There are 4 protein chains.
Amino acid sequence: MIIQLDKNISNQEKQAIIIKMKELDYKTTEVTTQKGNYLVGIGKKEFDIRQVGSMKGIADVHRVSDDYKLVSRKWKVGRTAIDLGDGVIIGDGSLSIMAGPCSIENEKQVELTIQHLKANGVRMMRGGVFKPRSSPYAFRGLGIPGLKMWYEQARAAGIKIISEVMQVSQIAEMYDYVDVFQVGARNTQNFNLLDELGKVDKAVMIKRGISGTIEELLYSAEYVFSAGNEKLMLCERGIRTYEKASRNTMDINAIPILKEKTHLPIIADPSHGIGIRDFVEPVALAAVVAGADGLIYETHEKPEEAASDGQQTLNFEESENLIRKIRKVMLALQD
Amino acid sequence: MIIQLDKNISNQEKQAIIIKMKELDYKTTEVTTQKGNYLVGIGKKEFDIRQVGSMKGIADVHRVSDDYKLVSRKWKVGRTAIDLGDGVIIGDGSLSIMAGPCSIENEKQVELTIQHLKANGVRMMRGGVFKPRSSPYAFRGLGIPGLKMWYEQARAAGIKIISEVMQVSQIAEMYDYVDVFQVGARNTQNFNLLDELGKVDKAVMIKRGISGTIEELLYSAEYVFSAGNEKLMLCERGIRTYEKASRNTMDINAIPILKEKTHLPIIADPSHGIGIRDFVEPVALAAVVAGADGLIYETHEKPEEAASDGQQTLNFEESENLIRKIRKVMLALQD
Amino acid sequence: MIIQLDKNISNQEKQAIIIKMKELDYKTTEVTTQKGNYLVGIGKKEFDIRQVGSMKGIADVHRVSDDYKLVSRKWKVGRTAIDLGDGVIIGDGSLSIMAGPCSIENEKQVELTIQHLKANGVRMMRGGVFKPRSSPYAFRGLGIPGLKMWYEQARAAGIKIISEVMQVSQIAEMYDYVDVFQVGARNTQNFNLLDELGKVDKAVMIKRGISGTIEELLYSAEYVFSAGNEKLMLCERGIRTYEKASRNTMDINAIPILKEKTHLPIIADPSHGIGIRDFVEPVALAAVVAGADGLIYETHEKPEEAASDGQQTLNFEESENLIRKIRKVMLALQD
Amino acid sequence: MIIQLDKNISNQEKQAIIIKMKELDYKTTEVTTQKGNYLVGIGKKEFDIRQVGSMKGIADVHRVSDDYKLVSRKWKVGRTAIDLGDGVIIGDGSLSIMAGPCSIENEKQVELTIQHLKANGVRMMRGGVFKPRSSPYAFRGLGIPGLKMWYEQARAAGIKIISEVMQVSQIAEMYDYVDVFQVGARNTQNFNLLDELGKVDKAVMIKRGISGTIEELLYSAEYVFSAGNEKLMLCERGIRTYEKASRNTMDINAIPILKEKTHLPIIADPSHGIGIRDFVEPVALAAVVAGADGLIYETHEKPEEAASDGQQTLNFEESENLIRKIRKVMLALQD
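Residues numbered from 1 in each chain as written. Chains lettered and ligands numbered in written order. Predicted model: local features only at pLDDT ≥ 70, side-chain atom pairs only at ≥ 80, totals over all residues. Heavy atoms only, no water.

Named according to an unreviewed UniProt entry, chain A is Bifunctional 3-deoxy-7-phosphoheptulonate synthase/chorismate mutase originating from Chryseosolibacter indicus.

## Describing the side chain of S308(B)
All names here are of chain B. For S308, the location among the structural elements is in the loop between β14 (294-298) and α11 (316-334). Relative accessible area serves as the criterion here: at 8%, S308 is assigned to the buried category. Reaching out from S308, the side chain makes a polar contact with the side chain of S103 at a distance of 2.8 Å. Ignoring any residue separated from it by four or fewer positions in sequence, one finds S308 in contact with C102, S103, K131 and R133. (Helix = DSSP H or I, 4+ residues; strand = E, 2+ residues; numbered from the N terminus. Buried < 20%, exposed > 50% of the residue type's maximum accessible area, 1.4 Å probe, protein only. Polar contact = N/O pair within 3.5 Å; in protein donor to acceptor, adjacent residues only side chain to side chain. Contact = heavy atoms within 4.5 Å.)

## Comments concerning the packing of helix α3 (residues 107-119) of chain A against helix α11 (residues 316-334) of chain A
Residue and element names in this part refer to chain A. Direction vectors running N to C along α3 and α11 enclose 25°, while the axes themselves pass 11 Å from each other. Relative to α11, α3 is oriented roughly parallel. The two elements α3 and α11 cross, and the hand of that crossing is right-handed. Residue-level inspection shows L112, T113 and H116 of α3 in contact with α11, the latter providing F316, S319 and E320. Split by residue class, the contact of α3 with α11 holds two nonpolar, three polar and one charged. (Axes fitted to C-alpha atoms, helices over the stretch in contact; angles between N-to-C directions. Parallel < 35°, antiparallel > 145°, perpendicular 65-115°, else oblique. Left-handed = near helix turned anticlockwise from the far one by under 90°. Nonpolar A, V, L, I, M, F, W, Y, C, P; charged D, E, K, R; others polar.)

## Description of the relation of the copies chain C and chain D
Of the two same-sequence chains, chain C is brought onto chain D (RMSD 0.0 Å, axial shift 0.0 Å) by a rotation of 180°. Taken together, the rotation and translation relating the two chain copies correspond to the operation of a two-fold axis. Identified as the residue of chain C closest to the rotation axis by C-alpha distance is A286(C), at 2.0 Å. (Least-squares fit on C-alpha atoms with pLDDT ≥ 70 in both.)

## Comments concerning the relation of the copies chain A and chain B
Structural alignment of chain A on chain B gives an RMSD of 0.0 Å, achieved by rotating through 180° and translating 0.0 Å along the axis. In this assembly, 100% of the residues forming the interface of chain A have copies in chain B that are likewise at the interface, indicating an isologous arrangement.

## Considering the domain arrangement of chain A
Residue and element names in this part refer to chain A. Under the domain assignment used here, chain A contains domain 1 (2-63) and domain 2 (82-333). Between the C-alpha centres of domain 1 and domain 2 the distance comes to 36 Å. The partner domain 2 presents nine residues to the eight residues of domain 1 that form the contact. Between domain 1 and domain 2, roughly 600 Å² of surface is buried when both sides are summed, and carbon and sulfur atoms account for 50% of that area. In this structure, the connection of domain 1 to domain 2 is made through zero salt bridges. (Domains from an automatic or database assignment. Buried area = accessible area lost by both parts, 1.4 Å probe. Salt bridge = Lys/Arg side-chain N within 4 Å of Asp/Glu carboxyl O.)

## What about the nonpolar core?
For soluble globular proteins, nonpolar side chains are generally found buried alongside one another. If you look at the biggest cluster of nonpolar residues, it comprises 336 residues, and the most contacted ones within it are I206(A), I206(B), I206(C) and I206(D). Setting aside residues up to four positions removed in sequence, I206(D) forms contacts with V183(D), T188(D), L194(D), L217(D), S220(D), A221(D), V224(D), L232(D), M233(D), L234(D) and C235(D). Membership of the second largest hydrophobic core comes to 15 residues, among which are L5(A), L39(A), F47(A) and V61(A). (Core = buried A, V, L, I, M, F, W, Y, C linked by side-chain atoms within 4.5 Å.)

## Observations regarding the state of the cysteines
Tallied over the entire structure, the rule returns zero disulfides over all chains. No disulfide involves C102(C); its sulfur sits 13 Å from that of C235(C), the nearest cysteine. (Disulfide = S-S within 2.5 Å.)

## Some details on the UniProt feature "domain: DAHP synthetase I/KDSA" (unreviewed entry) in chain A
Those residues carrying the UniProt feature "domain: DAHP synthetase I/KDSA" (unreviewed entry) are residues 81-326 of chain A in this numbering. For residues 81-326 of chain A, the helix share is 36%, the strand share is 16%, and the end-to-end C-alpha distance is 21 Å. (UniProt positions renumbered as here; feature names shortened; annotations may be inferred.)

## Topic: the interface of chain A and chain B
Residue-level contacts link 38 residues of chain A with 38 residues of chain B. Counting the surface lost from both chain A and chain B, the interface buries some 2,900 Å², and carbon and sulfur atoms represent 69% of this. Inspection of the region where chain A meets chain B yields two salt bridges. The shortest N-O distance in the salt bridge between E243(A) and R208(B) comes to 2.6 Å. Joining chain A to chain B, the criterion identifies 14 residue pairs in polar contact (both at pLDDT 80 or more). Those elements that place two or more of their residues in the side of chain A that touches chain B are α8 (254-261), α9 (270-274), α10 (280-289) and α11 of chain A. Here the element with the most residues in the side of chain A that touches chain B is α10(A); it accounts for five residues. For the side of chain A that touches chain B, the per-class residue count stands at 21 nonpolar, nine polar and eight charged.

## Quick notes on the sheet that holds strand β8 (residues 124-126) of chain B
Residue and element names in this part refer to chain B. Here eight strands make up a closed barrel; going around it, the order is β7-β8-β9-β10-β11-β12-β13-β14 and the pairing parallel. Taken over all neighbouring pairs, the strand axes of this sheet differ in orientation by 25° on average, direction set aside. Bridging between strand β13 (residues 266-268) and β14 involves two bridges; their strand directions are parallel. Residue pairing across strands places I267 opposite G294, the latter belonging to β14. (Pairing = 2+ DSSP bridges.)

## Focus: the pattern of salt bridges
As enumerated under the stated definition, the model contains 92 salt bridges over all chains in all. Between E304(A) and R277(A) there is a salt bridge, with the nearest N and O atoms lying 2.9 Å from each other. With E304(A) in the loop between β14 (294-298) and α11 and R277(A) in the loop between α9 and α10, this pair connects stretches of sequence that are 27 residues apart. The exposed category is assigned to E304(A), whose relative accessible area is 60%. When salt bridges with common partners are traced through the structure, they connect R208(A), E236(A), D251(A) and E243(B) into a single cluster.

Given below as structure tokens:
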């Protein structure tokens, strides 16, 4: 159960609601986000919600049968849009494109990527400065100095930044230089990280776990939202299956299913979804027509020389072709 | 290695090639299909193919590194088109739509379905008369009488029939009444059935196994082709994974991968691919933009009353909307 | 619901029961096996079973909530034992060992294998004469002549034969020369084959599908049983997962789960379960302590020269060591 | 390549080796652990290792073809034993049992559990005070106060403690009160956590990821070892597959495979491996005969009332029976 509170509810009124809920055998969690104040009630018994609904200080009360509550469309049917400023909005019905290299490598690379993005009307750049790598001996990214360098150029060009945060201590370090914190597939259930991201006023994109279920992804989103942050989006990036002809199996089904279950924007990552450069385009287009609110993919001046993930990275020409096709398809579906 | 033989090769010339290949430690399999005569050579040592290529009776020689040979695009780069007659061609660049109920139920159902298909320019109807069912106590289909009834109506309306064959003895029984034999997901590796289907002059569509790999699907196709039947197409219908939010996980990646690996047409089955009626449309559109040559999906006058698979079956209005959107998307991509 | 009928029930009495069941909205299937006559009732409404139980000609009535009925332990709590004659019984509390090559290759191989088995007190030999192979160009087995040759030797030595049947037409061909028909992992849901195996009076072992669920395996057993054959056992042989360090993932959990769900004997196949010769022993022992009624594994004089599956085949010394350890472990658990 | 350094190598000698390796196109990582000093060399070209081996300050040089180096058995064939003090050693050939509740709940529970363990000769107790939970609204554990309470009792009783650490900041908080830090299945690839655990002088057990590969688990171990901590063990706890008859699929194959690939002790967790109380025993026994160095399982005075995981928790009587059977089986295999 979700109880939306009046903005000017008194503490006394709030306590009265909590006590009432306790009498009804419901445990309540107080949630204060950028957009509103809520009480989330967890309990088993059904009761007439008017018993609570008529109490002072309450704006609205919703029964939510899903075990994840605040991210469910059972109470918020309309879709959440996330405004990053400067006219960059995710989830407003347009398609948000986020492109860039796997790893931030050097100034020149950032400059060329930004040129490519601007030439194609793309407003968001992706790139990693902290890289989770299976092997401890692999390149782990440029860290904060790389992020600052990138930020200087991106800010000047009006480009927004999305980048992966791997642990709690990096949140503060990265805060001033990113527009969206990305939670990677290996951290989808790093609950401490999610809790802390819930406390900041900055957009967050959570990637689905390497073999995470759709339900687990929604629960992870619930962690962030219930800790106070509504600026949330989710990302389908392929799952691990028995099939090894592709790096991952892009779960195209997850896109319409997530769109029905949650009001949060859904982003698709075709680069990781298939992991094969030549086929990123068809998978990207598939995600768009399946209903994705945005795409995040890897592009690099010379994929062959990329510090990581070159085998699934588009060059700028391929990226441009993809963007052109996406726009055609979007147009066709809008008619 | 594939050796394409001259149409008028003499038996003596053919034997000379087989002997030469044996000297080179290659085992040969003779293949005679509707379209050509081949020798498929299996061996390990590399040799200069001109040694064989210059022999009499040979039209062409191709090295094929894949372990499946005849279905590989390594020797036949162009795409195979299958002509079912009356202008119904699969794999010619247009999108082939095959729609109809899970099970053929009665005359009225067939009549209404055919009306719906004709009204929307669809030329092929799907339907099962032999139904593979997990439980022995479930409805197993109308059998040959149902197929004949269906055939009468379809023939009159100029509609082609695709229907599942479950065992060798059904091939002869069904032969006169179907245009395409469908091999179901539980029979993808029923090698005896594949062998026998290789001996008939009728198109065959092989569905990917319930958890079959892309490679296994290609090998199964090789069975049919090497037994003599080139009129072959493959179908992606979702795979079994840990995710249970959908019936299967539609492997959208398989579509571009299969299109690169084989010259055979690739059909997508969004009904089984996701298994949820409300989401068949986005998955179908995704398959189309990912490059499928055709779609096979379930539609029924009243899905709620269907004898099987109602939960993933479109009603005629939904089917019509889907067809309209497919055409828009196809048009957009052709520009 | 399972209604066990009196042996001397009259046809009239049986019809009366069927009519009564129909009135109660239950569809009945008549089942006559080697051991008994049953009516299997499928319906949704609960009713007082005494209404039926008091009718003439009924030995017993059982409610069975599982969707598979006859193979369920919900009605038959005791375990099924299968008597192959000459004192070879499967499922009587002892451990049945079935060992032998992947493929029957020649007389000498059979002779040496039988010597090995006899020297170690093993009473059953496995071997394939019809081999399901992914590629049409691979060795497909010696067929019936090979089976006859094997049979001559095995019979003389008092060794029972288990061998795979791949299609309906092979049942009659193989009938006189095998003691157990094996249904392979690719045919677990070949329902026509299962139906026909239900009609013969010969033991059947069904392997779990390559990625079959435990429930599907039980349904496949229900096909055979409901068609008339109670001499049935099931085999866990590893499932397909994302993990590629082993050929399959031996589902050790399936053994105790199957033992609880069904009264049929459960056999384990460690050779396919892990697919790596060096590790067949630990997996075999694990299956034994987990409760398997028998083991089926591959052994060959010279695994390096085996026509198929050599990489997972024990030599005779390894086989002997395994048998010795199995006996130690069995003894320890009986104390 | 692993270069074991002399204890009294001079800095100058070390630098000379690093320079030499650089000339050979090898990147070196210095590793200092509780037990030794190493240089790990990563490069592609093969060279005669005597070129390096003859340099001053080197104890030994090993070629290691695996990409994980320090945890590989390619250089250290003997097995690692971890001494926790007071005669509690893991990996010395005996079987280490670690049992206790999913969550630490209260003093009485700890007291009863310790009594049970002592009565059965068990020296290690498991229990969670920080619980990773899918839902933010679920019980998350007693935290440090609970750990301290537990520690008081365990210390007095001579019982060692293993407990899960979820984030870097908890390492210092928990340090004085645990004997083994457990890394949970959701944190197997939390590389920052692994890095930090590499810097402490306290044993670590890493659980395999929810759908982690065996190789990924070894890489995660390499993180800890290469950061300086050799007191490491790994735990198989079941993987996520399509089969839903059990909570996870215990990968019994992983036990012999890991034992061959790494010198670290391998622990098995049958409670999570199957997730069904009635079947924990057979799976535990299977793990023992498959070669596990230890078992970690859940036991509770009243599993029905446990704060978490009750459905897979043994009561004390069941736990006692399990221990008795384990000892029998161990004895049988030692003969």
